[in-house]
Amino acid sequence: MFSYYFKLALRSFGRNKILTALMVLAIALGIGAAMTTLTVFKVLSGDPIPHKSDRLFFAQVDPYTKEGYQPGEEPEMQMTRFDAEELLRQKKAPRQAMMTGGGGIVDPRIDALKPFSINMRYTSADFFPMFDTPFAFGQGWSADEDQGRSRVAVISNTLNDKLFKGANSVGKEVLVEGHAMRIVGVLKKWNPAPKFYDLYSGKFDSEEDVFLPFSTSLDLKLDRNGNMNCFGRELVNDATAPNVPCAWIQYWVELNSPGDAKDFKAYLDNYSEQQRASGRFERPANTRLRNVMELMEYRNAVPGDVRLQMWLAFGFLLVCLVNTVGLLLAKFLRRSGEIGVRRALGASRAEIFKQCLIEAGTIGLAGGLLGLVFALFGLWAVRQRPAEYASLAHLDGSMLLATFALAVLASMLAGILPAWRAMQVAPALQLKSQ
């Protein structure tokens, strides 16, 4: 019966072209607006590393002075060099990494190319296995190379394509800020958005092309990017020196299970109390340990305007559906005579209800097709905006299917009341009026 009712729906479209066009347009506009904003929201709020996001934790301690202290307040988001290096040395987590962003100039040593600027990341050896960075060639460096301040580098596939035409460049050198770095690994395309592992130097920054050992970046005095908070009572000359009270390093740990977070949090508390006892910290232990999704929520990885736009778009979809209900009601009740004849010939109320719902779903399918065009146009418009996340606005396969599913579901929900009214038509009255 489904195919029969579907054919009836198509025939009905031809008899009521203007009314059908209005319903298709109403649904398409609502679906287009909703899917545009929902796609952007999904891109920004999705779990960037779902298989282990509950085991990756961002660690915080509170190294501030006693001045202005309020119990329970949020501690400093980043760590001082001393604390990050000490936690790394104590190695209380299976994997741990300290890091910060950087930038510099690469000399391609190719006549056809001029030196160009790149984004960099200074980190420690566990960064690559912790965040499951995919390698095209080679691998990351070792902890021994961290300690030895080795001049090694992992480069992006983009830089590898530019300098070595995509060939295996492991063992070759890249000249960064005038320093020759031996390439030990080349990443496949990898540029998480938002950049969940560093939400402090730009959530949607462009791809990082060179990864260097943190110790090497200090040894070579390379430029760094990102926030730095200095809180001591004395003037700071070199904010990157070992014992300077300046927080500028992100610190991540990977634990064996989410349940281990409680023990590691206790370790951070004990560490803070030890530092207070030694005179470095002045405040009572005030630590935080957030997993990936908790940190993204806390740092508002999804901009507030994106959330607002999504709810407004779904509100607009609701208005479109209310209008569609009225149009469907008018359409079905105009066919009361036809429905009365069918009922008199033996069709049950359930069959009338089913027929009307299938017709509503068919309208939704047509609205979904047009809504997809509107959504693609909407995403194109988003990409023209100056927002930092604009370039991420693309419709993937799952959202494509969701567009049609939402359109059909919405139209069928809108068709419930009109279908219910249609099946209440009394056949005797309709036959008498005919």
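I will try to describe carefully the structure that is included in this document.

What counts as what
- Residues numbered from 1 in each chain as written.
- Predicted model: local features only at pLDDT ≥ 70, side-chain atom pairs only at ≥ 80, totals over all residues.
- Heavy atoms only, no water.
- Helix = DSSP H or I, 4+ residues; strand = E, 2+ residues; numbered from the N terminus.
- Buried < 20%, exposed > 50% of the residue type's maximum accessible area, 1.4 Å probe, protein only.
- Contact = heavy atoms within 4.5 Å.
- Salt bridge = Lys/Arg side-chain N within 4 Å of Asp/Glu carboxyl O.
- 1 Å grid on protein atoms, 1.4 Å probe; cavity = no way out; pocket = protein on both sides within 12 Å on 5 of 7 lines; lining within 4 Å.
- Points joined across faces, edges and corners; volume = space filled by probe spheres on them.
- Disulfide = S-S within 2.5 Å.
- Patch = residues over 30% accessible without salt bridge, like charges linked within 9 Å, V, L, I, M, F, W, Y side chains within 5 Å.
- Areas by Shrake-Rupley, 256 points an atom, 1.4 Å probe, with all protein chains shown as cover.
- Core = buried A, V, L, I, M, F, W, Y, C linked by side-chain atoms within 4.5 Å.

**Quick word on the overall build of the protein**
Alright, step 1. Within the protein one finds 14 helices and 13 strands.
Alright, step 2. With 434 residues in all, the protein has 49% of them scored as buried.
Alright, step 3. In the protein, the proportion of contacts linking residues at least 24 apart, taken out of those at least 6 apart, comes to 76%.

**Some remarks on the environment of Leu268**
Alright, step 1. Inspection of the secondary structure assignment puts Leu268 in helix H8 (residues 261-278).
Alright, step 2. Residue classification places Leu268 among the buried positions, given a relative accessible area of 0%.
Alright, step 3. Separated by 18 residues in the primary sequence, Leu268 and Asn286 have C-alpha atoms spaced 8.8 Å apart.
Alright, step 4. Among residues more than four places away in sequence, those in contact with Leu268 are Ala59, Gln60, Val61, Leu87, Thr287, Arg288 and Leu289.

**Let's talk about the environment of Asn16**
Alright, step 1. Positionally, Asn16 belongs in the loop between helix H1 (2-15) and helix H2 (17-45).
Alright, step 2. We classify Asn16 as buried; its relative accessible area is 12%.
Alright, step 3. Distance in space between the C-alpha atoms of Asn16 and Lys331 is 8.0 Å, their sequence separation being 315 residues.

**Examining unusual backbone geometry**
Alright, step 1. Positive phi outside glycine occurs at Arg109, with the angle close to 55°.
Alright, step 2. With respect to the helices and strands, the residue Arg109 is situated in the loop between strand S3 (95-107) and strand S4 (116-123).
Alright, step 3. In this model, Glu177 sits at a positive phi of 50°, which is unusual for a non-glycine residue.

**Section: the environment of Leu159**
Alright, step 1. With respect to the secondary-structure elements, Leu159 resides in helix H6 (residues 157-164).
Alright, step 2. By relative accessible area, Leu159 is classed as buried at 2%.
Alright, step 3. Expressed as a C-alpha distance, the spacing of Leu159 and Val106, which sit 53 residues apart in the sequence, is 9.7 Å.
Alright, step 4. The contacts of Leu159, once residues within four sequence positions are left out, are Phe116, Phe164, Val174, Asp209 and Val210.

**Here's the deal with the pattern of salt bridges**
Alright, step 1. If you walk through the whole model with that rule in mind, you get 19 salt bridges.
Alright, step 2. For Asp132, the salt bridge goes to Lys52, with nearest N and O atoms at 3.5 Å. Taken as a pair, Asp132 in the loop between helix H4 (127-130) and strand S5 (135-138) and Lys52 in the loop between H2 and strand S1 (56-60) lie far apart in primary sequence, 80 residues in all.
Alright, step 3. Classification of Asp132 as partly exposed rests on a relative accessible area of 34%.
Alright, step 4. Here Lys52 falls in the buried class, since its relative accessible area comes to 4%.
Alright, step 5. Linked through salt bridges whose partners overlap, the residues forming this network are Lys52, Arg55, Arg95, Asp132 and Glu254.

**What about the layout of surface pockets?**
Alright, step 1. Roughly 430 Å³ of internal volume is contained in the largest pocket.
Alright, step 2. Those elements giving two or more residues to the lining of the largest pocket turn out to be helix H3 (81-90), S3, helix H5 (143-147) and helix H7 (214-219).
Alright, step 3. No other element matches H3, which puts four residues into the lining of the largest pocket.

**What to know about the state of the cysteines**
Alright, step 1. Applying the stated criterion across every chain, the model contains one disulfide.
Alright, step 2. Here Cys230 engages in a disulfide with Cys246; their sulfurs sit 1.9 Å apart. On the sign convention where negative means left-handed, the S-S torsion of about 110° between Cys230 and Cys246 marks this disulfide as right-handed. One end of the pair, Cys230, is in strand S11 (residues 229-230); the other, Cys246, is in strand S12 (residues 246-254), with 16 residues separating them in the sequence.
Alright, step 3. The buried category is assigned to Cys246, whose relative accessible area is 0%.

**Considerations on a nonpolar patch on the surface**
Alright, step 1. Taken together, the side chains of Leu25, Leu29 and Phe316 define a hydrophobic patch exposed on the protein surface, amounting to about 240 Å² of accessible area.
Alright, step 2. Looking at where Phe316 falls in the secondary structure, it is placed in helix H10 (residues 304-333).

**Examining the nonpolar core**
Alright, step 1. Counting residues in each nonpolar core, the largest one holds 44 residues, and the members touching the most others are Val174 and Val210.
Alright, step 2. Setting aside anything within four residues of it in sequence, one finds Val210 in contact with Ile118, Asn119, Met120, Arg121, Ala153, Val154, Ile155, Leu159 and Val176.
Alright, step 3. By size, the runner-up hydrophobic cluster in this structure holds 27 residues, among which are Met77, Ala97, Val292 and Leu295.

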